[in-house]
Amino acid sequence: MSTAIDTDIEVHDPATGELVGRVRPAGPDEVDAAVARARAARDGWARTAPGDRAGLVRDAAGAVRAVAEELARLNETETGRPYDDGLGGVLAAAGTLEQYAELGPVHRGRSLQGSWGATDLMVPEPRGVAAVITPWNDPVAVAGGLIGAALVTGNTVVHKPSERCPHLGRRFAELVASFLPEGVLEIVDGAGPTGAALSGHPDVDLVAHVGSVAAGRAIAQAAAGTGAHVLLENGGNDPLVIDDDVDPRWAAEQAALGSYANGGQVCVSVERIYVAAGIAEPFLDALAEEAARWVYRPGPGEKALGPLVDRRHREHVHGHVAAAIADGARVHAGGFLPEGEGAFYPATVLSGLTPAMTILREETFGPVAPVRVVEDFAQGLAEAIDDPHGLAATVMTGRMAHAQQAWRELPVGTVKINAVFGGAPGGAAEPRGRSGSGFGYGPELLDEMTTTKVVHWAPLP
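Residues numbered from 1 in each chain as written. Predicted model: local features only at pLDDT ≥ 70, side-chain atom pairs only at ≥ 80, totals over all residues. Heavy atoms only, no water.

Let us look at the state of the cysteines. Under the criterion given, the structure shown has 0 disulfides. Residue C165 stays outside any disulfide, its sulfur separated by 13 Å from that of C267, the closest cysteine. When its relative accessible area of 0% is taken as the criterion, C165 is described as buried. (Disulfide = S-S within 2.5 Å. Buried < 20%, exposed > 50% of the residue type's maximum accessible area, 1.4 Å probe, protein only.)

This is the structure we're talking about:
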């Protein structure tokens, strides 16, 4: 009989507060059993031809597309993510599964130049059992990328979706697993204790995690005791630096998109804004106007702003805002706790900030645009650099020298110039500092999911 390591998890609709359902967390015995099943399936899956593995993953992607609307509705119910945004995430997951189905069979090693009579090779091999621990803010897309890359390279997977959207996570993973041999993709439900049991399990060879800094550090410590390879994207405190030659209204539109999309609950959301004093006043006026356009039920000319994932997270977001206001920040929009049901929080604009304020030093992860007015681009860039996170950054400038300096000096894995979101398909990301380590997405993720064996084959004398 398995024992629980946590109480039942209740999931509430963040728009209404209504109970969506309850989930029983996996206990130690259940985690052991899931890992054991994945380990038992490991050798057979590794020996399956890469093209056959890819074909099954491609079939699973088609099934995900077929129920994309259902998954998007469930995402909205469990996390509050607006339906259209959630649908985009589901379709991104299907596209990523298809992408890795194409890349997996052509992921290859290389031959080495040895002696004439010998053969020298470097061959990629699956690591074994991969623990995939995914977040609630883009749950299907993130799971699709990590699970897809692990499967096509021959790993078996034990997946723990976020406890904030367990029904969605299980529905997606079970759909993919239905196309695979038994044990190749296992699912366990639970919160921190379940994740700790999984990430520190001695029979897990790889842990891939997307989530908070605190959770990522705990996972790294647990895996250090087992020798498992670790991939971490721990979130960030991404800056936006705006030069004085930029149109302030366009910059405000970009800043609002970066700050408010998905309620600011995006790993690469704009978390802190540095604007040159020469355009600060019109920029702040335009940003306040943009904030007023982000609403729960958008009409013409407005944009969707759903609730935060739950009231506990809303307390965290408002705590950052309230502390800044208490320390002298000026409120241009939002900045208050709404009355009524749900976990709604208004699009917020603050100015009058100092570098020591928590809202500039830590990830808020909500619909808040904290603006720090700086003397010029050089000061904005210097303050943007002064941060221990290292996920991403955005720079807006028409000056080539400033853009070049910024992407060279910013200590982050991704630098975006003149666009808060976007990028070519297949691009990878490698966070730094508190934001994690290892490549996520792109062909490089296949390298993370494999280990290289060097073969030197000489003839008998």
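Turning to the packing of helix 4 (residues 83–103) against helix 5 (residues 139–152), a few remarks are in order. Contact geometry for helix 4 and helix 5: axes closest at 8 Å, N-to-C directions at 15 degrees. Taken as axis vectors, helix 4 and helix 5 run roughly parallel relative to one another. Helix-helix and strand crossings are classified by hand; for helix 4 and helix 5 the assignment is right-handed. Across from G89, V90, A92, A93, T96, L97, Y100 and A101 in helix 4, the residues of helix 5 making contact are V140, A141, G144, G145, G148, A149 and V152. (Axes fitted to C-alpha atoms, helices over the stretch in contact; angles between N-to-C directions. Helix = DSSP H or I, 4+ residues; strand = E, 2+ residues; numbered from the N terminus. Parallel < 35°, antiparallel > 145°, perpendicular 65-115°, else oblique. Left-handed = near helix turned anticlockwise from the far one by under 90°. Contact = heavy atoms within 4.5 Å.)

Okay, the sheet that holds strand 11 (residues 272–276) next. Taken in spatial order, the 7 strands make up an open sheet running 14-15-16-11-10-18-19, and their pairing is mixed. Each of the sheet's edge strands pairs with one partner strand only, and the pair in question is strand 14 (330–333) and strand 19 (414–417). For this sheet, the mean angle separating the axes of adjacent strands, direction not counted, is 20 degrees. Summarising the sheet, strand 18 (residues 392–396) and strand 19 pair through 4 bridges and their orientation is parallel. Residue pairing across strands places T394 opposite K416, the latter belonging to strand 19. (Pairing = 2+ DSSP bridges.)

For helix 10 (residues 280–293), built from 14 residues, the straight-helix expectation of 20 Å at 1.5 Å per residue is met to within 8% by its first-to-last C-alpha distance of 20 Å. Along helix 10, the positions that sit buried rather than exposed are A280, F283, L284, A286, L287, A288, E290 and A291. (Expected span 1.5 Å × (residues − 1).)

This brings us to the environment of A40. Mapped onto the fold, A40 is located in helix 1 (residues 28–47). C-alpha of A40 to C-alpha of L240: the two residues are 200 residues apart in sequence and 48 Å apart in space.

Of note, F365 is a non-glycine position whose phi angle comes to about 60 degrees, a positive value. Residue position: F365 is located in the loop between helix 12 (358–361) and strand 16 (368–374). In this structure F365 comes out as buried when scored by relative accessible area, which is 11%. Residues other than glycine seldom take positive phi values, yet Y441 does so here, at roughly 70 degrees.

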